[in-house]
Amino acid sequence: MAAENQKWDLPESQLPEDIGKCRQTAIRVSHVEIDTAAFACTGAAEQKLVALTEADRQGQREIPAEVCVPASLAAGQDRFACRPLFRGEKIVLYLHGGAYKFGSAASHRALTGRIGSHAGRRSLTIDYRLSPRHPYPAQLHDAFIAFLFLLQSGFASRDIVVAGDSAGGNLALALTVLVRQLGHRPAGLLLLSPWSDLTTERPSLQRNARFDFLCAPPLSSPLSPARTFYAPGRRLSQELLDEMAHPLVSPVNADFAGFPPTLIQAGEKEVIVDEISQLYENLVAHNPGAHRGRYVYECYPDMIHVFHQFLGLPDAQYAIARAGEFVRNL
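Everything numeric in this text was worked out from a predicted model, so none of it was measured.

This part is about the packing of helix 2 (residues 105-119) against helix 9 (residues 314-328). In the contact formed by helix 2 and helix 9, the axes pass within 7 Å of each other and the chain directions differ by 55°. Between helix 2 and helix 9, the crossing angle belongs to the class labelled oblique. For the pair helix 2 and helix 9, the sense of crossing is right-handed. Between helix 2 and helix 9, the contacting residues are Leu111, Arg114, Ile115, His118 and Ala119 on the first element and Ile320, Ala321, Gly324, Val327 and Arg328 on the second. Residues belonging to the contact of helix 2 with helix 9 are distributed by class as follows: 6 nonpolar, 2 polar and 2 charged.

Let us look at the nonpolar core. Ile27, Leu93, Leu124, Ile126, Phe144 and Leu175 are the most contacted members of the largest nonpolar core, which totals 69 residues. Those residues in contact with Leu124 that sit more than four places away from it in its chain are Thr25, Ile27, Ala65, Glu66, Val67, Cys82, Ile91, Val92, Leu93, Tyr94, Phe149 and Leu150. Listed in part, the 15 residues of the second largest apolar core include Ile115, Ala163, Ala187 and Leu263.

By the definition in use, this model includes 11 aromatic pairs. Considering the side-chain rings of Tyr100 and Trp195, the 6.2 Å spacing of their centres and the 45° angle between planes classify their relative orientation as tilted. Taken as a pair, Tyr100 in the loop between strand 3 (91-95) and helix 2 and Trp195 in the loop between strand 6 (188-192) and helix 5 (204-207) lie far apart in primary sequence, 95 residues in all. Across this residue pair, the class does not change: Tyr100 and Trp195 are buried. In this structure, Lys48 packs its charged tip against the face of Tyr230, placed 6.0 Å from the ring centre. When the ring centre of Phe211 is taken as origin, the NZ or CZ atom of Lys269, which lies over that ring, is 4.6 Å away.

Turning to the state of the cysteines, a few remarks are in order. Here a disulfide denotes one covalent bond, and it connects the sulfur atoms of two cysteines. According to the stated counting rule, one finds 1 disulfide in the structure shown. At a sulfur-sulfur separation of 2.1 Å, the disulfide partner of Cys22 is Cys68. Looking down the S-S bond of the Cys22 and Cys68 bridge, the torsion is 75°, so its handedness is right-handed. Taken together, the residues Cys22 in strand 1 (residues 20-28) and Cys68 in strand 2 (residues 62-70) connect sequence positions 46 residues apart. Under the relative-accessibility criterion, Cys68 is labelled buried at 4%.

The final tally for this structure, using the stated rule, is 15 salt bridges. For Asp56, the salt bridge goes to Arg61, with nearest N and O atoms at 2.8 Å. The burial state of Asp56 is the same as that of Arg61; both residues are buried. Salt-bridge contacts for Glu89 lead to Arg122; the nearest nitrogen and oxygen are separated by 2.9 Å. Here Glu89, found in the loop between strand 2 and strand 3, pairs with Arg122, found in strand 4 (residues 122-126); they are 33 residues apart in sequence, far enough to count as distant. Overall, the relative accessible area of 4% leaves Glu89 in the buried class.

Calculation rules
- Residues numbered from 1 in each chain as written.
- Predicted model: local features only at pLDDT ≥ 70, side-chain atom pairs only at ≥ 80, totals over all residues.
- Heavy atoms only, no water.
- Axes fitted to C-alpha atoms, helices over the stretch in contact; angles between N-to-C directions.
- Helix = DSSP H or I, 4+ residues; strand = E, 2+ residues; numbered from the N terminus.
- Parallel < 35°, antiparallel > 145°, perpendicular 65-115°, else oblique.
- Left-handed = near helix turned anticlockwise from the far one by under 90°.
- Contact = heavy atoms within 4.5 Å.
- Nonpolar A, V, L, I, M, F, W, Y, C, P; charged D, E, K, R; others polar.
- Core = buried A, V, L, I, M, F, W, Y, C linked by side-chain atoms within 4.5 Å.
- Buried < 20%, exposed > 50% of the residue type's maximum accessible area, 1.4 Å probe, protein only.
- Phe/Tyr/Trp six-rings, centres within 6.5 Å; stacked < 30°, edge-to-face > 60°.
- Lys NZ or Arg CZ within 6 Å of the ring centre and 35° of its normal.
- Disulfide = S-S within 2.5 Å.
- Salt bridge = Lys/Arg side-chain N within 4 Å of Asp/Glu carboxyl O.

Here is the structure:
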């Protein structure tokens, strides 16, 4: 994980070797070609994304990352190289959760490794920059660089599965919205308890507060995760809320017409289940002629936010297996 994140971050998780192996790597940002014209439709983030790109061209910044390889994959040094092992190989680009404040590839390897094992696919998980030190759109910038890195390493967009949990689910959605504007079509989208709306506090926030571990100051507080992510220190105003409603910040508001195949998993007792349900309803509403299995929503009874991390739970094991099956069948 990035050195700046180590002191206060979530602990590393372990992946048994009979499930898979992980190896640390890094993306040299200056080696990834970025056309800043790609940011023309990003709203208030455009100038910031251009500035971030220009700053990277002057330095040697790297994005720490981790490649996970399922044990079922044949042995060989090339397994950990970020290039296709065969024509049409699919790879998972995983974006970890943690309210945009915590988390890393290391904290999530037990989860990503198990999903990859069930899918029979390799995964690349990045340590994107965290807030409030690096507010929006630094995270989207890093995710976009990782996507371009895979493209420039030989993967086609149709072979990249974008996945994420919680804030990483928000980032996975935002990344997919962005790259689709550029004509890229990812293979699919895997979302575990995705945080999709940063501006609206729905009834489940109160209804499930006594069940879920996920608790945070409300949007009215300067310490709200949504505000420390998007604009730390900025006063709450209608202008700020309008900016945070942009589909790259609150993807629940995106145009989902023609969106890639998507599996959404959530827990019935999590505090953001209402916004997750709204996300699925919007996805289906924008694709009235879609095949029944193209967009799938699984809401697990009595489960909480990203229950997948509780690996001993039977529901977590089943959901992870279902996630792997979804990725495998894309």
